[in-house]
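# Analysis of the macromolecular model
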Amino acid sequence: MNKRALMTDSERALDERLGSAAFLRRNIRKVFPEQWSFLLGEIALYSFMLLVLTGVFLSLFFKPSEEDTVYDGSYALLRGAKVSEAYASTIDISFDVRGGLLVRQIHHWAAVLFVAAICVHLMRIFFTGAFRKPREINWLIGTTLFALAVAEGFGGYSLPDDLLSGTGLRIFQGILLSIPIVGTYLSFFVFGGEFPGHQFIPRLFTVHILLIPGILIALITAHLMIIWHQKHTQWPGPKRTGHNVVGSPTFPQFLTHTIAFQLYVAGLITLLAAWVQINPIWLYGPYRPDAVSSGSQPDWYVGFLEGSLRLMPRISWSFAGHTIAWNALVPAVLLPMAFFTLIALYPFFERWVTGDDRPHHLCDRPRNAPTRTALGMAAITWYGNLWAAGGNDVIAAVFKIPLEYTTWFFRIGFFAFPVIAFVVTRRICLSLQRSDAQAVEEGIESGIIKRLPTGQYIEVHDRPRPEQAMIAQAVHPDDLVRPLPRHIIPLPTPNRIIAQIQARLNQAYTKYAAETPTPEERRELEKRPD
Ligand code: HEM
Ligand code: HEM
C-alpha cells in the first residue's frame, strides 16, 4: 500500500513541507548496541542539559557586578557587611529566592558530575580503542569539550565573588602574569586594569553563560551527529562484525531507555543537591584581597593544577629585565597545554606506530591492547598523583607528617608512579590474555570434581559461552608487526633514527601476542610432571 495513504493529515502536512517521512523512516530504525559503558557519554549529555536548565534560572537572579553594596538579606550573620553585588545576589539566591538554594546546588553538583562523566567516558573510549579510524574527529571534538568543561566549571565557581572565587582568580592572574613578555599586558587586558578591578566578573559572566555554553552546544551537536552518522562501536560477539550493529532500534526501545536514563541522572543529581551541601559561600565570606581562603577547596577537576603548582620547585630567572617565573609557567601553563595536546594527538600517534589504517567498529578489550592500556593507566596514575598533591597540606595535617615529606613523596611519584603503573598493567594484561587463551582451549573451571569409575578424580571444565569465547579470541592480528629496519651502512641519520623508533614502538604495541605460550611450549608444559 502507498505509505502516504497510511499517514495522518498532520503527518502528511508536515511531510509535504519538510520531507520528514523519509527522514524519520531512515532514522527511526537505527540500531544502538547495548552495553553499560556506552551510558557514560549519556551521563555527560544529561548533566549538561541540567546545567543549561538550572543556569538559566540562576542568571535571572545573579547580579554580575563587583560594585559594593551593604548586605541586608535573611542571613543574619552577614547583615550590614559591605560585599559585592555578585556575592550578595548569590547569598540571596541561596536564602531568599524560592527554591534558589536547591537550584544552585543542582547546578554545582551537575557541574561536578559533568566533568567526572566526561573523564570516565574518555577513559572508556581510550581503553576500548573507540577513537580509532573513523572516529578521530570525534576524539578531537571530545578533547576540546573536556578542556572547555574544566574552564566553564572554574569560571562558574569564580562568579559568586566569595573567598574561594577570589583565591582561585588570584592564582589565575598569577598564571597569566607568568607568561613571558605578554603576561603583564594580558593580565591588565583580562582584568581591565589592576587585579581584582571591577570589570572581571561581568566579563566572566558573559563568557560563562553565553560564550562557552554556545561553543559547547555547537560541539556536542556535532559530536552526536557524527556518532549518528558513523554508528556506535560494539563489543565483538556472535553475529557482530565490523559492518553491522546488533542492538535495539531507536524507536521505541532506545528512546524509552534513554529518556528513563535522563530522568535517573536528573533525579540522582537533585537528590544529591537536596541532601549534600556544596559550596556554602556564606561560610567562606566575601573575597578580600588581603584575606586567605581557609577550609575551602577548589572543585575536584581543578585539583591536578593545584597539585602541579604545589610540586614545582621555586625557580625563576631574570632575563633582559624580564622575570621568567618557571614555578608558575611550567605547572600551570605548559603542563596543562601538554596534557590536552597529548590526549588530542594520541589516536594519530597510535596509528603512526601500529600502521593500522583500517576502520574499526568493534571495541578492543583493554587486556588485548596491553601497551595502550598500560599507557592509559600510567597517565591516570600521573594525573592521580598530581591530584592528590593538591591536598598535600590536608594529608600532612591528617596524618601528622611534615609538609615537605608529602611534597617530596609526590615529586618522586610524579616520575616513578607512572612507570610502575605501566609495567604492572602490561604484565596484568598479558597474564589475563594467557588465562583467556587457556579458558578457550581447556574450558572454564566449573568447581565440580568428579570421580571416575577407575577411582581417578577430574575437574569438570565448562565450555565458555560463544560471546565469551569470541571476546577472548579477538586479539590484534599479527599482520601489524613490522620488522626492525636494518641498514647496510649503520649511519644514524635522522630518518633512520625515526624509522628505528617507530619500528621498536610498533613491536611494543603489536608483538605482545608472542607472550602467550606457543603450541610447542604448551606441549612442553603438559609433559612436565606435576
Ligand atoms: C560534553 C562532553 C561529551 C558529551 C556530552 C559526549 C557525548 C557522547 C555520547 C552520548 C556518545 C555515545 C554514547 C557513548 O559512547 O558513550 C559519545 C561517543 C563518543 N565520544 Fe563523547 N561526549 C563528550 C566528551 C567526549 C570526550 C572528552 C571524548 C574523547 C576525548 C569523546 C569521544 C567520543 C567518541 C570517540 C565517541 C564514539 C564512541 C563509539 O562509537 O564507541 N567524547 N559521546
Ligand atoms: C558546562 C556547563 C556549566 C558548568 C560546568 C557550570 C558550572 C558552574 C559552577 C560550578 C557554578 C558555581 C555554583 C555555585 O555558586 O556553587 C556556576 C555558577 C553559575 N552558573 Fe554555571 N555552569 C555551566 C553552565 C551554565 C549556563 C549554561 C548558565 C546560564 C545560562 C550558567 C549560569 C550560572 C550562573 C548565573 C552562576 C552564578 C550563580 C551561582 O554561583 O550560584 N551556567 N556554574
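What you are looking at is a predicted structure, and each value in this text was computed from that prediction instead of being measured.

How each quantity is defined
- All residue numbers refer to positions counted from 1 along the written sequence of the respective chain.
- All chains are assigned letters beginning at A, and all ligands numbers beginning at 1, according to the order in which they are written.
- With pLDDT at 70 or above as the cut-off, local features in this predicted model cover only qualifying residues; side-chain atom pairs require 80 or more to be listed or tallied, and sums for whole chains, interfaces and linings still use all residues.
- To get the side-chain values, all heavy atoms of the structure are used, and hydrogens and water are removed first.
- Think of it this way: one heavy atom of a residue within 4 Å of a molecule or strand is enough to make that residue near it.
- Helix and strand assignments come from DSSP, with helices taken as H or I runs of at least 4 residues and strands as E runs of at least 2, each series counted from the N terminus.
- Here the nonpolar group is Ala, Val, Leu, Ile, Met, Phe, Trp, Tyr, Cys and Pro; Asp, Glu, Lys and Arg are the charged ones; every other residue, Gly included, is treated as polar.
- The axes are straight lines fitted to the C-alpha atoms, using for helices just the contacting stretch, and the angles between their N-to-C directions are given from 0 to 180°.
- Note on angle classes: values under 35 degrees are labelled roughly parallel, values over 145 roughly antiparallel, values of 65 to 115 roughly perpendicular, and the remainder oblique.
- Whether two residues are in contact is decided by their heavy atoms: any pair within 4.5 Å suffices.
- By convention the crossing between two helices is left-handed if the near helix lies anticlockwise of the far one by an angle smaller than a right angle, and right-handed if it lies clockwise.
- A helix's residues, less one, multiplied by 1.5 Å, set its expected span.
- For each residue, the accessible area found with a 1.4 Å probe, counting protein chains only, is set against the maximum for its type, and the residue is called buried under 20%, exposed over 50%, and partly exposed in between.
- UniProt positions are given in the numbering used here, feature names are shortened, and annotations may be inferred rather than shown by experiment.
- In this listing, donors mean N, O and S atoms no farther than 2.8 Å from the metal, or 3.2 Å for Na, K and Ca; water is missing from the atoms, so a site can look incomplete.
- Angle rules define the geometry names used: all angles between 85 and 135 degrees makes four donors tetrahedral, while opposite donors over 155 degrees apart and all other angles between 65 and 115 make four donors square planar and six octahedral, leaving every other case irregular.
- Polar contacts here mean pairs of N or O atoms no more than 3.5 Å apart (in protein, one a potential hydrogen donor and the other a potential acceptor; neighbouring residues in sequence count only if both atoms are side-chain atoms).
- Centres within 6.5 Å are what make two rings of Phe, Tyr or Trp a pair, Trp counting through its six-membered ring; a difference in plane orientation under 30 degrees is then read as stacked, over 60 as edge-to-face, and the rest as tilted.
- Geometrically, a lysine NZ or arginine CZ counts as sitting over a ring once it is within 6 Å of the ring centre and also within 35 degrees of the ring normal.

The next subject is the site of ligand 2. Around ligand 2 lies a shell of 26 residues, among which Arg-104, His-107, His-108, His-208 and Asn-279 are the nearest. Among the secondary structure elements, those contributing two or more residues to the shell around ligand 2 are helix H3 (40–61), helix H5 (100–127), helix H6 (136–158) and helix H9 (200–230). The dominant element in the shell around ligand 2, judged by the number of residues it contributes, is H3, at seven residues. Partitioned by chemical class, the residues of the shell around ligand 2 number 15 nonpolar, nine polar and two charged.

This paragraph deals with the packing of helix H13 (residues 326–354) against helix H18 (residues 494–510). When two helices pack together, you describe them by how their axes are tilted relative to each other and by the distance separating the axes. Remark: H13 packs on H18, axes separated minimally by 7 Å, with the N-to-C direction vectors making an angle of 95 degrees. Comparing their axes, H18 and H13 come out roughly perpendicular. Across from Tyr-346, Phe-349, Glu-350, Trp-352, Val-353 and Thr-354 in H13, the residues of H18 making contact are Ile-498, Gln-502, Leu-505, Asn-506, Tyr-509 and Thr-510. Among the residues forming the contact of H13 with H18, the class breakdown is seven nonpolar, four polar and one charged.

Here the focus is the packing of H3 against H5. Where H3 contacts H5, the axes come no closer than 8 Å and their chain directions differ by 155 degrees. With respect to H5, the element H3 is oriented roughly antiparallel. Crossing of H3 over H5 shows left-handed handedness. Per-class residue counts for the contact of H3 with H5 are 17 nonpolar, seven polar and two charged.

Take the side chain of Ser-84 next. Positionally, Ser-84 belongs in strand S3 (residues 82–84). Ignoring sequence-local partners within four residues, the contact set of Ser-84 consists of Ser-65, Glu-66, Glu-67, Thr-69 and Asp-161.

Glancing now at helix H14 (residues 370–389). When the terminal C-alpha atoms of H14 are compared, their 28 Å separation across 20 residues agrees well with the 28 Å that a helix rising 1.5 Å per residue should span. Along H14, the residues that are buried comprise Pro-370, Thr-371, Arg-372, Thr-373, Ala-374, Gly-376, Ala-378, Trp-382, Tyr-383, Asn-385, Leu-386 and Ala-389. Elements that come into contact with the buried residues of H14 comprise H5, helix H12 (303–311), H13, helix H15 (392–399), helix H16 (403–442) and H18.

Another point: the UniProt feature "domain: Cytochrome b/b6 N-terminal region profile" (unreviewed entry) in the protein. Taking the UniProt record as the reference, the feature "domain: Cytochrome b/b6 N-terminal region profile" (unreviewed entry) is found at residues 10–236. As annotated, residues 10–236 comprises 69% helix and 4% strand, and the C-alpha atoms at either end are separated by 43 Å.

It is worth spelling out the coordination of the iron atom of ligand 2 at this point. In an ideal tetrahedron of four donors about a metal, each angle is 109.5 degrees. In an ideal octahedron of six donors, the angles are 90 or 180 degrees. Distances from the iron atom of ligand 2 to its protein donors, His-107 (NE2) and His-208 (NE2), fall at 2.0 Å. Considering all six donor atoms around the iron atom of ligand 2, the spread of angles at the metal, 87 to 179 degrees, places the coordination shape in the octahedral class. Placement of the pair is His-107 in helix H5 and His-208 in helix H9, with a sequence separation of 101 residues. Here the two residues His-107 and His-208 agree in accessibility, since each one is buried.

Moving on, we get to the site of ligand 1. If you check the shell around ligand 1, you find 25 residues, and the closest are His-121, Arg-124, His-223, His-232 and Thr-233. The separation between an oxygen atom of ligand 1 and a polar main-chain atom of Gly-41 is 3.1 Å. Between ligand 1 and Arg-135, the relevant distance is 3.0 Å, taken from an oxygen atom to a side-chain nitrogen or oxygen of the residue. Of all the secondary-structure elements, those providing two or more residues to the shell around ligand 1 are H3, H5, H6 and H9. Here the shell around ligand 1 is composed, by residue class, of 14 nonpolar, eight polar and three charged.

The subject of this paragraph is the environment of Leu-334. Of note, Leu-334 is situated in helix H13. What makes Leu-334 partly exposed here is its relative accessible area of 39%. The spatial distance from the C-alpha of Leu-334 to the C-alpha of Gly-391 is 21 Å, given a sequence separation of 57 residues.

Moving on: unusual backbone geometry. Here Phe-195 and Pro-196 are connected by a cis peptide whose omega angle stands at -10 degrees. Turning to its location among the elements, Pro-196 is positioned in the loop between helix H8 (183–191) and H9. Here Phe-251 and Pro-252 are connected by a cis peptide whose omega angle stands at 0 degrees. Within the secondary structure layout, Pro-252 lies in helix H10 (residues 250–275). In this structure, Asp-161 takes a positive phi of about 60 degrees despite not being glycine. With respect to the helices, strands and loops of the structure, Asp-161 is situated in the loop between H6 and helix H7 (163–177). Its identity is not glycine, yet Asn-279 carries a phi of approximately 50 degrees, on the positive side. Along the chain, Asn-279 turns up in the loop between H10 and helix H11 (281–284). By relative accessible area, which is 9% here, Asn-279 ends up buried.

Moving on: the packing of aromatic side chains. Each aromatic ring pair is specified by the distance between its two centres and by the angle formed by the two planes. By the definition in use, this model includes 34 aromatic pairs. Arranged with centres 5.6 Å apart and planes meeting at 35 degrees, the rings of Phe-62 and Phe-205 form a pair that is tilted. With Phe-62 in the loop between H3 and strand S2 (68–70) and Phe-205 in helix H9, the pair connects residues that are 143 residues apart, well separated along the chain. Judged on exposure class, the residue Phe-62 and its partner Phe-205 are both buried. Judged by centre distance (6.4 Å) and plane angle (65 degrees), the rings of Phe-146 and Phe-339 are edge-to-face. Of the two residues, Phe-146 is situated in helix H6 and Phe-339 in helix H13; the sequence distance between them amounts to 193 residues. Of the residues examined, Phe-339 reaches a relative accessible area of 13% and is grouped as buried. Cluster of aromatic residues (ring-pair linked, three or more members): Phe-146, Phe-304, Phe-339, Phe-340, Trp-382, Tyr-383, Phe-414 and Phe-415. Over the face of the ring belonging to Trp-408 we find Arg-411, whose NZ or CZ atom lies 4.8 Å from the ring centre.

Bound to the iron atom of ligand 1 on the protein side are His-121 (NE2) and His-223 (NE2), at distances that span 2.1 Å. Coordination geometry of the iron atom of ligand 1: the six donor atoms subtend angles of 86 to 180 degrees at the metal centre, consistent with an arrangement described as octahedral. Taken together, the positions of His-121 in helix H5 and His-223 in helix H9 put the pair 102 residues apart, joining distant regions of the chain. Taking relative accessible area as the criterion, His-223 reaches 14% and is therefore assigned buried.

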